[in-house]
Amino acid sequence: MNAEPATVADLQGRDLPEPGFRSVLLAGAPRFVREAFGPVAAFYLGWKLGSLVVGIVLASAVGIALDLYERRRGRAGALALVSVAFVLVQAAVGLIADSAVVYLAQPVLVSAIWGVANIGSALIGRPLAGVLADAWYPFPPAVKESRTYRRVFGIESIVWGVYLLARSGIRMFALVSESVDYFIAVQIATGLPFTIALVAWSVWYATRAFERSTEWEAADSGRQADRRDEPESRSGARSTPS
C-alpha cells in the first residue's frame, strides 16, 4: 500500500498542524491588523482629542503594549525589538520637532526602506517574506532550507516590495502637499484594502504552492527509511557476541 504524500507538517512531526488558507489567515490576521493600524489609530485619536504630544505618547504606549502582549504569547523576536526601538525613536523625533508631519513621515520612509529590503532579499535568495511568515506558521528548518520556500517567499517579497514603494510615494506626496487629515485618509485608502488583499493572496499563494510541491517527499522518505533502519541496527548490536 502506497504511503500518503509528505507534507510540510510531516517534516517536524504529526503534532504540527498542516498549513491551510483558513487556519493560517485566522492565526496571523488579528496580530497583523493590531500592529499595522493600532498605533496609527491611537495617534490620530490622541492628536484630535488632546494634542500632538498626547497623540505621540498614546501611539507609543500602544506600540509597546502590543510588543509586550506578543512577548507573553512567546512570539517576540528580533523584529519585535526593532519595532519597539522604532516606536521610541519616532516618538523622540516627533516630540523634538514638535511636528505631526515629521512624526508621520518617519514610518512612510521606513516603509519605503522595507520595500527596497524586500526586493533585495529576494534577489539574494533570503526573502524577508519568509521571515515574517514565521509569525503566521512555525515552518520547520527543513522547509526553510528548501527551494520551494525560497521561490515562494521570494516572489512574495518582490510583490510586497513593489507595493510598499508605491504606497510610500503616494503617502509622502499626500503628507507634504495636503493636511494631516487628508494624509490619514490616504493612509487608510492605500493601506487597509490593499493590505487585506495582499495578505489574503500571500497566504493563498504560499499554502497552494507548498501543497503542490513534491520536494518534501524525498525528505520524508529518507526520514522514514532512517526509522526503519534504527530497530535493525539495535537488533544487530544486541546479537553481536562480546
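Given the structure is predicted, the values throughout are model-derived calculations rather than measurements.

(A) Representation of the confidence of the model for the protein chain in the model. In the predicted model, the protein chain carries a mean pLDDT of 75, and 67% of its residues have values of at least 70. For the protein chain, per-element mean pLDDT is lowest for helix α9 (residues 215-239), which scores 54, and highest for helix α7 (residues 147-177), which scores 94. For the stretch residues 1-6, pLDDT sits under 50, and the model shows 5 contacts to residues farther than four places along the chain or on other chains.

(B) Spotlight on the environment of L58. Residue position: L58 is located in helix α2 (residues 52-72). Placed 16 residues apart in sequence, L58 and A42 show a C-alpha to C-alpha distance of 5.9 Å. If we ignore the near neighbours within four places in the chain, the residues touching L58 are A42 and G46.

(C) Representation of the side chain of S202 in the model. Secondary-structure assignment places S202 in helix α8 (residues 180-212). Here W160 takes part through its side chain, which lies 2.9 Å from a polar atom of the side chain of S202. Excluding anything up to four places from it in sequence, S202 contacts E156 and W160.

(D) Geometry of the nonpolar core. Counting 14 residues, the largest nonpolar core has F43, I56, Y103, L104 and F183 as the members making the most contacts within it. Going through the elements one at a time, α2, α4 (100-123) and α8 are the ones with two or more residues in this core. Among the elements that make up this core, the one with the highest residue count is α4 (5 residues). Judged by nonpolar contacts, the second largest core, of 11 residues, contains A133, F139, Y149 and V152.

(E) Quick peek at the packing of α7 against α8. Between α7 and α8, whose axes approach to 11 Å, the crossing angle comes to 175°. By the criterion of interaxial angle, the relationship of α7 to α8 is roughly antiparallel.

(F) The arrangement of the side chain of N118 in detail. Positionally, N118 belongs in helix α4. Once you skip the residues sitting within four places of it in the chain, N118 turns out to touch L128, A129, S157, W160, G161 and L164.

(G) Structural detail: α2. Counted at 1.5 Å a residue, the expected span for α2 with its 21 residues is 30 Å, and the 30 Å between its end C-alpha atoms agrees. Within α2 the residues assigned to the buried category are L52, G55, I56, A59, S60, G63, L66, D67 and E70. Looking straight down α2, one finds its buried side chains confined to an arc of 130°; they lie on one side.

Cut-offs and rules
- Residues numbered from 1 in each chain as written.
- Predicted model: local features only at pLDDT ≥ 70, side-chain atom pairs only at ≥ 80, totals over all residues.
- Heavy atoms only, no water.
- pLDDT = per-residue confidence, 0-100.
- Helix = DSSP H or I, 4+ residues; strand = E, 2+ residues; numbered from the N terminus.
- Contact = heavy atoms within 4.5 Å.
- Polar contact = N/O pair within 3.5 Å; in protein donor to acceptor, adjacent residues only side chain to side chain.
- Core = buried A, V, L, I, M, F, W, Y, C linked by side-chain atoms within 4.5 Å.
- Buried < 20%, exposed > 50% of the residue type's maximum accessible area, 1.4 Å probe, protein only.
- Axes fitted to C-alpha atoms, helices over the stretch in contact; angles between N-to-C directions.
- Parallel < 35°, antiparallel > 145°, perpendicular 65-115°, else oblique.
- Expected span 1.5 Å × (residues − 1).
- Arc of directions from axis to C-beta.

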